[in-house]
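# Architecture and fold: a report
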Amino acid sequence: MKTISNLAGSKIINTEELKKVLRDNIHNSNDMLLISAFLTRSVLDLFEETDYKKDIQIYVRCRPADCISGSCDLEILKQLISKGVNCYANYKLHAKLYIFDSKQAVIGSSNLTANGLGFSNFPNFELNYSCELSSDDLDKVNTYLKGCVQLSIDDIDKMQKEISNLNSASPSEIPDK
């Protein structure tokens, strides 16, 4: 039986530690639910090819302004979907919560971006907390996630087309839905 490392007890995890904790738990878990407002190419550095055979769900905010600014990379979402990852969006999402095997969790301030995960030369100072979720906690998370919409590659292609029309718009003209 695989064990989930670094989550055996509740503890604070800084940016430097987070990469290892997430990688270890991605590799040693059968299923994972990754919730982050923002997502960039760095998320791919967490996975090995064999990890894509697992049940992976990723939830992002994906507002047009996020995509235009590069905080949410639609091409990476398409790559993830093509590898079998189920990706979802909710324009109100701001949480950062990573759940492994429906019980172990990392909760904090780190988005799935180079700065949030510590992959950049000047990463953010992030703090996260590892803990075990109760069934009530998991029920609350699942209730919230019911308001998210599953994305397909066709959906993302449509979003990219709409966003290309907004690239010349001023920030105040960009819709937040």
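This write-up is about the structure you can find in this document. Everything numeric here is computed off the predicted structure, so don't read it as measured data. (Residues numbered from 1 in each chain as written. Predicted model: local features only at pLDDT ≥ 70, side-chain atom pairs only at ≥ 80, totals over all residues. Heavy atoms only, no water.)

### Overview of the sheet that holds strand 8 (residues 149–150)
The pairing of strands in a sheet happens through backbone hydrogen bonds and is either parallel or antiparallel. Across the sheet, which stays open at both edges, the eight strands sit in the order 1-7-6-5-2-3-4-8 with mixed pairing between neighbours. Two strands in the sheet have a free side with no partner beyond their single neighbour: strand 1 (11–14) and strand 8. Pairing analysis gives five bridges linking strand 2 (residues 31–36) to strand 3 (residues 55–60), with the strands arranged parallel. Each bridged residue has a counterpart across the sheet, and for Asp-31 the counterpart in strand 3 is Asp-55. Across the sheet, helix 5 (residues 135–145) lies against strand 2, strand 3 and strand 5 (96–100), angled at about 60 degrees from strand 2, the strand it touches most. (Pairing = 2+ DSSP bridges. Helix = DSSP H or I, 4+ residues; strand = E, 2+ residues; numbered from the N terminus. Contact = heavy atoms within 4.5 Å. Axes fitted to C-alpha atoms, helices over the stretch in contact; angles between N-to-C directions.)

### Describing the pairing of strand 5
Most of strand 5 is tucked away: five of the five residues are buried. Residues Lys-96, Tyr-98 and Phe-100 line one face of strand 5 and the alternating positions Leu-97 and Ile-99 line the opposite face, and both faces are buried. With five bridges connecting them, strand 2 and strand 5 associate as antiparallel partners. Pairing of Ser-36 across the sheet is with Lys-96, part of strand 5. Sheet topology places strand 5 next to strand 6 (residues 104–108); four bridges connect them, and they run antiparallel. The residue of strand 6 that forms the bridge with Phe-100 is Gln-104. Hairpin remark: strand 5 followed by strand 6, antiparallel, with three residues in the connecting loop; positive phi at Asp-101, about 50 degrees. (Buried < 20%, exposed > 50% of the residue type's maximum accessible area, 1.4 Å probe, protein only.)

### Here's the deal with helix 6 (residues 153–166)
If you check helix 6, its first and last C-alpha atoms are 20 Å apart, about what 14 residues at 1.5 Å a residue would give, namely 20 Å. Every buried residue of helix 6 is listed here: Ile-156, Met-159, Ile-163 and Leu-166. When helix 6 is viewed along its axis, its buried side chains cluster within an angular range of 65 degrees and face the same direction. Of the exposed residues in helix 6, the ones pointing more than 90 degrees away from its buried face are Asp-154, Lys-158, Lys-161 and Asn-165. The elements touched by buried residues of helix 6 are helix 2 (64–69) and helix 3 (74–82). (Expected span 1.5 Å × (residues − 1). Arc of directions from axis to C-beta.)

### Let's talk about helix 5
Taken together, the buried positions of helix 5 are occupied by Leu-138, Val-141 and Leu-145. For helix 5, the angular spread of buried residues about the axis comes to 60 degrees, placing them on one side. Residues of helix 5 that are exposed and point over 90 degrees away from its buried face: Asp-136, Lys-140 and Thr-143. Next to the buried residues of helix 5 lie strand 2, strand 3 and strand 5.

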